[in-house]
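A look at the structure
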There are 2 protein chains.
Amino acid sequence: MQPRQNFADRLCDAVRARKTPLVVGLDPRASQLPEPLRTDSTHPAEIASAYQKFCCEIVDVVAPLVPAVKPQMAFFEEQGPAGIQALWNVVQHCRQRGLMVILDGKRGDIGSTAVAYARAYLERGPASSWAADALTVSPWLGWDSLQPFIEVSQENGAGIFVLVRTSNPGSRDFQSPVADGRAMFERVAELVQSAAAESAGASGYGNVCAVVGATWPEELKRLRDSMPNTIFLVPGFGAQGGTASDVAQAFDRHGMGAIVNSSRKIIFAWESESRRHLANSDWQLAVEQATLEAIEQLQEFTPARNLVDADKRPGESF
Amino acid sequence: MQPRQNFADRLCDAVRARKTPLVVGLDPRASQLPEPLRTDSTHPAEIASAYQKFCCEIVDVVAPLVPAVKPQMAFFEEQGPAGIQALWNVVQHCRQRGLMVILDGKRGDIGSTAVAYARAYLERGPASSWAADALTVSPWLGWDSLQPFIEVSQENGAGIFVLVRTSNPGSRDFQSPVADGRAMFERVAELVQSAAAESAGASGYGNVCAVVGATWPEELKRLRDSMPNTIFLVPGFGAQGGTASDVAQAFDRHGMGAIVNSSRKIIFAWESESRRHLANSDWQLAVEQATLEAIEQLQEFTPARNLVDADKRPGESF
């Protein structure tokens, strides 16, 4: 198999090509499927089949517009083995459409078990392997638990997103306490930045990346300053309450260095008052409109607008 | 569906019935399958099929001997959707054999995503649901991220094992730092104990349980004292370096309150020098011998030996 380019460089290229840092979260729910895909069945295999159709249609809509999607594994796992098979099919469809895939599984374990998780999702093995572009991982078990993920991702041109600071209120419990002058999330951040610097490619960014919620804009700004080689995945834009101006803190001065996830506001776009008329056979149009709207919001408030200019300045590094 | 008894009570009953706190970890690896099950194929579906046979045969051997098994999800996930299907089949086989199942998936997420993970593995839904007895979960995202797991487990007579203090050296990085006089793992422990007390059943133990590694015997002892309603799952016995006397600290004075996991030393028992002659068609015998040996080691060094006496004192609470 051909070696794959550095993950961070590929992601930066994709952000530049689509001129947006927007990532669409694939979080299907049985009760929120659009009319044409809704099923009364409670059988996991039927719900999983509906999820697959739903996500593949969304992928078809957003593939020309955004650099990546982020499937949330929990919703597929909820439908048992059939759900996982559906997710696998969705990931293959993304690959065919040229969309990068960040699997949101928040995995974490130690030693050979961590190696197994990393290989499971990031290794480019036989035809039936996932070979996702990146996976979200939890740091709680310690830095040695992340090493296998870093090694396997390096070998496979993949990336990992370490949960540094999450968007929920309870993230204060174990991420915020200050020991020896540093908050716990700052300890994680330091190690992530160091590994990002070591794996930095031509883009200046590394394959070890960070999840940082949009709901803590001041911390986001401080982390941006102290983690110059680290790409941020910023969840919480849209439905979770983070505004575009909060999110603006995540970018470097060239409008790079972060991707921003929006899920519900896009994939269930026909649920909004103004798009209720698209709830039936035109639900894909609602998804497209909401995607374009989110791209515009991000362009208006964040340095991402510079991406358009950047295209006109070839050769200038950013 | 019939309501299921409190998880902690069911587990305590199973420990008493088998007279041992030993749990067998199901961590299959393609390179370590016994001769009759070994495959040269690198195709995930074939490896997954071998894993299923391997684990079901182990289950047949250990079902009369131990209260529970702990399948490590990572090794099944490594074989893609086929691996998950194999694990699902193994879990059904455990149920038929009367073995409790603790799924080791170390899941964790927030809000409705956490609900999806909890339902995925713990809900007793349609015939195709996992309905495991318990799931391991990570606390990094905060206490609000664990609430959905607690609620779903309560509703389904299931349990969760929160990663309080893991056995790897790197667990010091984010579990040990001391903020406001308390180590991070102690903060987690306090919340776990409080939820365990709230969900305590007739056994005195609750459905919110803790993973505490055997490699930190002093901390194990302190946690035992401060968490009187919390069942401990102690990994690291055997291959990871924890001895039976280290593990002894995990039990209350009646020999209850903890289960002890051993994986590699049991499931790959024919790899040891003394059992190499069983590596072929008698590998199941090696598994049985190693299981009985581990049970004996635990009886010799830990309060679990009192379980035998306890049987003779019906009505005495312990």
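In this report, the structure presented in the accompanying data block is examined. (Residues numbered from 1 in each chain as written. Chains lettered and ligands numbered in written order. Predicted model: local features only at pLDDT ≥ 70, side-chain atom pairs only at ≥ 80, totals over all residues. Heavy atoms only, no water.)

All right, on to the sheet that holds strand β5 (residues 159-165) of chain A then. Residues and elements named next belong to chain A. Strand order in the closed barrel formed by 8 strands is β1-β2-β3-β4-β5-β8-β9-β10, and the pairing between neighbours is parallel. Averaged over all pairs of adjacent strands, the angle between their axes in this sheet comes to 30°, without regard to strand direction. Here strand β4 (residues 134-137) pairs with β5 via 4 bridges, running parallel. Bridge pairing in β5 places T136 opposite F161. Its contacts with the sheet put helix α2 (residues 44-62) on β1 (22-26) and β2 (68-71), and the angle it makes with β1 is roughly 170°. Strands in contact with helix α9 (residues 217-226) are β5, β8 (208-212) and β9 (232-234); relative to β9, the strand with the most contacts, it is inclined by about 165°. (Pairing = 2+ DSSP bridges. Helix = DSSP H or I, 4+ residues; strand = E, 2+ residues; numbered from the N terminus. Axes fitted to C-alpha atoms, helices over the stretch in contact; angles between N-to-C directions. Contact = heavy atoms within 4.5 Å.)

For the pair chain A and chain B, the best superposition has an RMSD of 0.0 Å and corresponds to a rotation of 180° with a translation of 0.0 Å parallel to the axis. Seen this way, the second copy is the image of the first under a two-fold rotation axis. No C-alpha of chain A approaches the rotation axis more nearly than that of A:A179, which lies at 2.3 Å. The overlap is high: 100% of the interface residues of chain A also sit at the interface in chain B, so the same surface is used on both sides. (Least-squares fit on C-alpha atoms with pLDDT ≥ 70 in both.)

Here the focus is the sheet that holds strand β9 (residues 232-234) of chain B. Residues and elements named next belong to chain B. Pairing in this closed barrel of 8 strands is parallel, and the strands run β1-β2-β3-β4-β5-β8-β9-β10 around the ring. Recorded for the sheet is a direction-independent mean angle of 30° between the axes of neighbouring strands. In the sheet, strand β3 (residues 100-107) pairs with strand β4 (residues 134-137) via 3 bridges, with the strands oriented parallel. Considered in β4, the bridge of I102 is made with A134. Across the sheet, helix α4 (residues 80-96) touches β1 (22-26), β2 (68-71) and β3, and the angle it forms with β3 is around 150°.

Time to look at the packing of α2(A) against helix α4 (residues 80-96) of chain A. Residue and element names in this part refer to chain A. Contact geometry for α2 and α4: axes closest at 8 Å, N-to-C directions at 15°. Viewed along their axes, α2 and α4 adopt a mutual orientation that is roughly parallel. Crossing angle aside, the handedness with which α2 passes α4 is right-handed. For the pair formed by α2 and α4, the contact residues are P44, A45, A48, Q52, C55, C56, V59 and D60 on the first element and A82, G83, A86, N89, V90, H93 and C94 on the second. Here the contact of α2 with α4 is composed, by residue class, of 10 nonpolar, 4 polar and 1 charged. (Parallel < 35°, antiparallel > 145°, perpendicular 65-115°, else oblique. Left-handed = near helix turned anticlockwise from the far one by under 90°. Nonpolar A, V, L, I, M, F, W, Y, C, P; charged D, E, K, R; others polar.)

Attention now goes to unusual backbone geometry. Residue and element names in this part refer to chain A. Here the phi dihedral of D180 falls at roughly 50°; this positive angle occurs in a residue that is not glycine. Counting through the fold element by element, D180 comes out in the loop between β6 (178-179) and β7 (182-183). Among the residues examined, D180 registers a relative accessible area of 73% and is labelled exposed. (Buried < 20%, exposed > 50% of the residue type's maximum accessible area, 1.4 Å probe, protein only.)

Moving on, we come to the interface of chain A and chain B. Each partner contributes residues to the interface: chain A has 59 residues there, and chain B has 59 residues. Overall, the association of chain A and chain B removes approximately 4,700 Å² of surface from exposure, summing both partners, and the carbon and sulfur fraction of that is 61%. For the interface between chain A and chain B, the tally reads 6 salt bridges. One salt bridge in this structure joins B:R107 and A:E77, with 2.7 Å as the shortest N-O distance. For the pair chain A and chain B, the number of links is 26 residue pairs in polar contact (both at pLDDT 80 or more). When residues in the side of chain A that touches chain B are grouped by element, the largest group, 7 residues, is from helix α5 (residues 111-122) of chain A. Of the residues contributing to the side of chain A that touches chain B, the split by class is 29 nonpolar, 19 polar and 11 charged. (Buried area = accessible area lost by both parts, 1.4 Å probe. Salt bridge = Lys/Arg side-chain N within 4 Å of Asp/Glu carboxyl O. Polar contact = N/O pair within 3.5 Å; in protein donor to acceptor, adjacent residues only side chain to side chain.)

From the geometry alone we can't say anything about function, so treat these as descriptive.
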